[in-house]
Amino acid sequence: MTFKELQTGDYFRILGITTPYVYRKTSDDYCTLNDTLQPIRRHTRVKKLTGVELIEYLAQQATAAEHKPKPTVRLKSRPVPSREKAGVPKYGIIS
């Protein structure tokens, strides 16, 4: 089967790739991988996921999302050097 034959929204794998990435058709020329839009040729050979494969994939995505730690944002404040330490006189130089 080729990419052109898939319906929009179908999940698939690209044949010949050793890593089992799962893509989703978003339009006639694009698909998504991990919510990232990817261009793809219409004649690319693909394998549409079966119902069982799709259920397994979505279950893996759900458990991965549950175990993913939320990012912690820490702001570092940096002290501003005083003018005296930086060698700048308080009132500037008058020439």
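Everything quoted here is computed from the prediction, not taken from an experiment.

Rules used in this analysis
Residues numbered from 1 in each chain as written. Predicted model: local features only at pLDDT ≥ 70, side-chain atom pairs only at ≥ 80, totals over all residues. Heavy atoms only, no water. Helix = DSSP H or I, 4+ residues; strand = E, 2+ residues; numbered from the N terminus. Buried < 20%, exposed > 50% of the residue type's maximum accessible area, 1.4 Å probe, protein only. Contact = heavy atoms within 4.5 Å. 1 Å grid on protein atoms, 1.4 Å probe; cavity = no way out; pocket = protein on both sides within 12 Å on 5 of 7 lines; lining within 4 Å. Points joined across faces, edges and corners; volume = space filled by probe spheres on them. Nonpolar A, V, L, I, M, F, W, Y, C, P; charged D, E, K, R; others polar.

Colleague: Would you take a moment to explain the overall build of the protein for this structure?
Modeller: When you go through the protein residue by residue, the secondary structure sums to two helices and five strands. Order of helices (α) and strands (β) in the protein, N terminus to C terminus: β-β-β-β-β-α-α. For the protein, buried positions account for 19% of its 95 residues. Taking all contacts inside the protein whose residues are at least 6 apart in sequence as the whole, residues at least 24 apart take part in 46%.

Colleague: What is the right way to read the layout of surface pockets from this model?
Modeller: Any empty space left between the atoms is revealed when a probe the size of a water molecule rolls over them. Approximately 230 Å³ is the volume attributed to the largest pocket. Residue lining of the largest pocket: Tyr11, Val22, Tyr23, Arg24, Thr32, Leu33, Asn34, Asp35, Tyr57, Leu58 and Gln61, and that is the complete set. Broken down by secondary-structure element, the contributors of at least two residues to the lining of the largest pocket are β2 (23–25), β3 (30–33) and α1 (51–67). Of all the elements, α1 adds the most residues to the lining of the largest pocket, at three residues. Class assignment of the residues belonging to the lining of the largest pocket gives a composition of six nonpolar, three polar and two charged.

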